[in-house]
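# Examination of the molecular architecture
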Amino acid sequence: MQRPRSAVAGIALLSALAASGSADAGHGLINSFAGIEWLPDPGVTPDATIYPLELAQEAAVLRLTRAPAARLELLRAQARERLAELDAMVRVGLPTAAQRATDGYATALRAMRQLIESAANPARDRAWAEELLAHQYMLSTNYLDLPRDSRQAIAPMMTLARDDYARLSTRLPQRTKDALFFKEEEVRWSWEMAVAADEQGL
């Protein structure tokens, strides 16, 4: 999913905030997420009558998948699809459907958390930590492209990703935390710009 206006809007907002002293110097100017895999096509969205069937099919596939690595990948795909569904529902101004996507995202995160906390695996934990940061980055950088009167529905999913990342980070070695510092800062800066846009009526 493309971001046709957010970069331009972000630069304009950064200039305005810098002039007012509200922006931290350097944040957002170096993109540590260059080349990330963006959101997939949302497919069947939560406003569709067959959406419960879509979720039931996903759940059935997950139940039949025994290998932990394969289950993790399925849950990763489900979480990303919920992100795309939320984006799609916010764009058309359907808050109830947007909440369904957020609820589904929470479900995927809970299942992922159970798998991750069942066994130590530093490489897997880092990969999921980076994925959660990418989720927050995509939500926040897409924000200015979304309709002003409905985009606040993004915030609950942003909170879920942020809280899960904070919980996971307690398991990470210090060297991994240090390596993720710039991504954390870029996410923080990007979300601050999104919140500031609302505050300034942009």
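Residues numbered from 1 in each chain as written. Predicted model: local features only at pLDDT ≥ 70, side-chain atom pairs only at ≥ 80, totals over all residues. Heavy atoms only, no water.

### Focus: the overall build of the protein chain
Rule in force here: Put simply, DSSP marks the helices as runs of H or I at least four residues long and the strands as runs of E at least two long, and each gets a number from the N terminus on. By the convention used here, residues are in contact when the closest approach between their heavy atoms is within 4.5 Å. We get accessible surface area from the Shrake-Rupley algorithm with a probe of 1.4 Å; when it comes to residues, only the shown protein chains can shield them.
Along its length, the protein chain carries eight helices and zero strands. Residue pairs at least 24 apart in sequence account for 80% of intrachain contacts in the protein chain once pairs closer than 6 positions are excluded. Here the protein chain has roughly 10300 Å² of accessible surface; of this, 58% comes from carbon and sulfur atoms.

### What about the packing of helix α4 (residues 95-117) against helix α5 (residues 122-142)?
Under the convention used in this document: Only the stretch in contact is used when a helix axis is fitted, and all axes are lines through C-alpha atoms; the angle between N-to-C directions ranges over 0 to 180 degrees. Angles are sorted into four bins: roughly parallel if under 35 degrees, roughly antiparallel if over 145, roughly perpendicular if 65 to 115, and oblique for all others. We call a crossing left-handed when the near helix sits turned anticlockwise from the far one by less than a right angle, and right-handed when that turn is clockwise.
At a minimum axis separation of 12 Å, α4 and α5 run at an interaxial angle of 165°. Our classification of the angle between α4 and α5 gives roughly antiparallel. In the crossing of α4 with α5, the sense of the turn from one axis to the other is left-handed. Packed against α4, whose contacting residues are Y105, L109, M112, L115 and I116, the element α5 presents R124, D125, W128, L132 and H135 at the interface.

### Some remarks on the side chain of H135
Mapped onto the elements of the fold, H135 is located in helix α5. Beyond its immediate stretch of four places on either side in the chain, H135 contacts A79, R80, L83, Y105, W128 and A161.

### Thoughts on the confidence of the model for the protein chain
What counts here: Here pLDDT means the predictor's own confidence in every residue, given as a number from 0 to 100.
Taken as a whole, the protein chain shows an average pLDDT of 86; of its residues, 85% reach a score of 70 or greater. The weakest mean pLDDT in the protein chain belongs to helix α1 (residues 6-20) at 41; the strongest belongs to helix α6 (residues 155-169) at 96. For the stretch residues 1-29, pLDDT sits under 50, and the model shows 41 contacts to residues farther than four places along the chain or on other chains.

### Remarks on the pattern of salt bridges
Pairs can form between side chains of opposite charge once their charged atoms are near each other. Filter applied, for reference: The working definition used for a salt bridge is a side-chain nitrogen of Lys or Arg within 4 Å of a carboxyl oxygen of Asp or Glu. Relative accessible area decides the class of each residue, using a 1.4 Å probe on protein chains only: under 20% of the type maximum gives buried, over 50% gives exposed, and in between gives partly exposed.
Enumeration over the complete set of coordinates arrives at 18 salt bridges. In this structure, the salt-bridge partner of D164 is R113, at a minimum N-O distance of 2.3 Å. Highlighted residues: D164 in helix α6 and R113 in helix α4, separated in sequence by 51 residues. Overall, the relative accessible area of 21% leaves R113 in the partly exposed class. In this structure, E130 and K183 form a salt bridge, with 2.6 Å as the shortest nitrogen-oxygen distance. Residue E130 is located in helix α5, and its partner K183 is located in helix α8 (residues 181-199); the two are separated by 53 residues in the primary sequence. Within the structure, one salt-bridge network assembled from shared partners comprises E37, E73, R76, R80 and E131.

### Quick look at the nonpolar core
Nonpolar side chains in soluble globular proteins tend to be buried together. For the record, the criterion: Among buried residues, the Ala, Val, Leu, Ile, Met, Phe, Trp, Tyr and Cys ones that are joined through side-chain atoms within 4.5 Å form a nonpolar core.
Among the nonpolar cores identified, the biggest contains 46 residues, and L86, Y105, W128 and I154 are the most heavily contacted of them. Counting residues per element, the ones that place at least two in this core are α3 (68-91), α4, α5, α6 and α8. Of all the elements, α4 adds the most residues to this core, at 10 residues.

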